[in-house]
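As a plain string of letters, each chain reads:
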Amino acid sequence: MISRFRSLIIPGVDKKLLVKDAAKLMPDLSRRRFIASGASLGALTLLTGCDVSDSLSADKMLAQISKFNDAVQAAIFNPNALAPTYSEKDIKRPFPFNGFYSEDEAPEIDGNDWKLEVSGLVQNKKSWTLAELHKLPEVSQITRHICVEGWSAIGSWQGTPLRDFLTLVGADTKAKYVWFRCAEDYTSPLDMPTALHPQTQMTFKFDNKILPRAYGFPMKIRVPTKLGFKNPKYVVSMEVTNDYKGGYWEDMGYNSFSGS
Ligand SMILES: Nc1nc2c(c(=O)[nH]1)N[C@H]1C(S)=C(S)[C@@H](COP(=O)(O)O)O[C@H]1N2
Ligand SMILES: [Mo]
């Protein structure tokens, strides 16, 4: 639906001006972090919790930013801060699809053949079948997914906390990154504190049903404290590493930080 070439048009809002105005209102540390993360509309949405889809919420966003103080700033940049959660009625149906191709070109994976490769700084380097992964304890979250391209939507995801899986495979949690590779060669590095964040999830279901092809069957990583591009879908391998191996969007200039 949305390609990386699509320019974003919000009725009544000049995106560039809004981002500029918001940056001006921020305290120094926030502004530096915001600019380092790419100063996108998505990052603004993540910082303020406001969804800029019209001029009304743009005003709300600026009001929110102008209320920033040191305490708010500390909470925003605390790696343990929880992303807000929502209720059933807030879930967006149908949930938007996004990829660097259209939905009918999304990878089609046979769950019987698929395996998750676990490698790098882990004690147990075995590959996992889908049946094995489905036996892991399941938790549910209703959180907001925020895309750097300027849209956001609330969804419901079920799966197992990534930190529990990392413990299970004996990962070196002092390593710097968990690096994900996807079926279509999309890649994304996740910093270890975020990989160990309580809401970061190995996701197998969307809205309590097996993850549809559009949203990353058979497995995605749900990271509600980061922008959407740091939520890899169609994951085929997970490597625990101290090396920064880059990622699809990261290599195009989006800062790897991209989140709280
Ligand atoms: N493998 C893979 N993962 C990906 C992408 C992609 O193109 N390929 N796009 C990212 C981006 S930019 C977004 S916004 C979300 C979209 O997830 P959704 O289709 O579930 O809304 O997936 C992220 N993960
Ligand atoms: Mo995105």
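Residues numbered from 1 in each chain as written. Chains lettered and ligands numbered in written order. Predicted model: local features only at pLDDT ≥ 70, side-chain atom pairs only at ≥ 80, totals over all residues. Heavy atoms only, no water.

Asks: Go over the overall build of the chain, please, and point to the residues and values.
Replies: Along its length, the chain carries eight helices and ten strands. Within the chain, the proportion of its 260 residues that are buried is 52%. The contacts of the chain with a sequence gap of at least 6 include a subset with a gap of at least 24, amounting to 68%. Looking at the chain as shown, the accessible area adds up to about 12300 Å², and 53% of this sits on carbon and sulfur atoms. (Helix = DSSP H or I, 4+ residues; strand = E, 2+ residues; numbered from the N terminus. Buried < 20%, exposed > 50% of the residue type's maximum accessible area, 1.4 Å probe, protein only. Contact = heavy atoms within 4.5 Å. Areas by Shrake-Rupley, 256 points an atom, 1.4 Å probe, with all protein chains shown as cover.)

Asks: Report on the confidence of the model for the chain, specifying residues and quantitative values.
Replies: Here the chain averages 86 in pLDDT, while 87% of its residues score no lower than 70. Taken as a whole, residues 1–9 scores under 50 in pLDDT and shows 18 contacts with residues more than four places along the chain or in a different chain. (pLDDT = per-residue confidence, 0-100.)

Asks: Help me get a handle on unusual backbone geometry, residues and values and all.
Replies: That bond from R93 to P94 is cis: its omega, -5°, falls within 30 degrees of zero. Its place among the elements puts P94 in the loop between α5 (70–76) and β1 (115–120). For the bond from F217 to P218, the omega torsion is 5°, close enough to zero to count as cis. Along the chain, P218 turns up in the loop between β8 (209–210) and β9 (220–222).

Asks: An account of the site of ligand 1 is needed here, citing residue identities and associated values.
Replies: Looking at ligand 1, there are 22 residues lining it, with P96, N98, E184, N231 and K233 nearest. Interatomic distance of 2.7 Å between a side-chain N/O atom of E184 and a nitrogen atom of ligand 1. At a separation of 2.9 Å, a nitrogen atom of ligand 1 approaches a polar backbone atom of N231. The protein chains hide 99% of the 540 Å² of surface that ligand 1 would expose on its own. Among the residues making up the shell around ligand 1, the classes are represented as 15 nonpolar, five polar and two charged. (Near = heavy atom within 4 Å. Polar contact = N/O pair within 3.5 Å; in protein donor to acceptor, adjacent residues only side chain to side chain. Nonpolar A, V, L, I, M, F, W, Y, C, P; charged D, E, K, R; others polar.)

Asks: I'd like to hear about the nonpolar core, residue by residue, with values.
Replies: The biggest cluster of nonpolar side chains holds 65 residues, and the ones touching the most others in it are L44, L116, L133, F165, M202, M219 and M238. Built from parts of two domains, this core gets at least three residues from each of domain 1 (2–76) and domain 2 (88–252). Sequence-distant contacts of M219, that is, excluding residues within four places in its chain, are made with W114, L116, L133, M202, T203, F204, L211, P232, K233, Y234, V235 and M238. (Core = buried A, V, L, I, M, F, W, Y, C linked by side-chain atoms within 4.5 Å. Domains from an automatic or database assignment.)

Asks: Tell me about the environment of K125, and name the residues and values.
Replies: Secondary-structure assignment places K125 in the loop between β1 and β2 (127–129). Once residues lying within four places of it in the same chain are set aside, the contact partners of K125 are V118 and G120. From its side chain, K125 meets the backbone oxygen of G120 in a polar contact 2.7 Å long.

Asks: Can you break down the pairing of strand β10 (residues 235–241) residue by residue, with the values?
Replies: In terms of residue burial, β10 counts as a mostly covered element, since six of its seven residues are buried. Where β1 meets β10, four bridges bridge the pair, whose relative direction is parallel. Looking across to β10, one finds that G120 is bridged to V240. (Pairing = 2+ DSSP bridges.)

Asks: Residue-level account of the packing of helix α1 (residues 15–25) against helix α4 (residues 55–66), with values.
Replies: Look at α1 against α4: their axes get within 8 Å of each other, and the N-to-C directions meet at 20°. Between α1 and α4, the angle falls in the class roughly parallel. Here α1 and α4 pass one another in a crossing that is right-handed. Residue-level contacts link L18, D21, A22 and L25 of α1 to A58, M61, L62, I65 and S66 of α4. Looking at the contact of α1 with α4 residue by residue, the class counts come to seven nonpolar, one polar and one charged. (Axes fitted to C-alpha atoms, helices over the stretch in contact; angles between N-to-C directions. Parallel < 35°, antiparallel > 145°, perpendicular 65-115°, else oblique. Left-handed = near helix turned anticlockwise from the far one by under 90°.)

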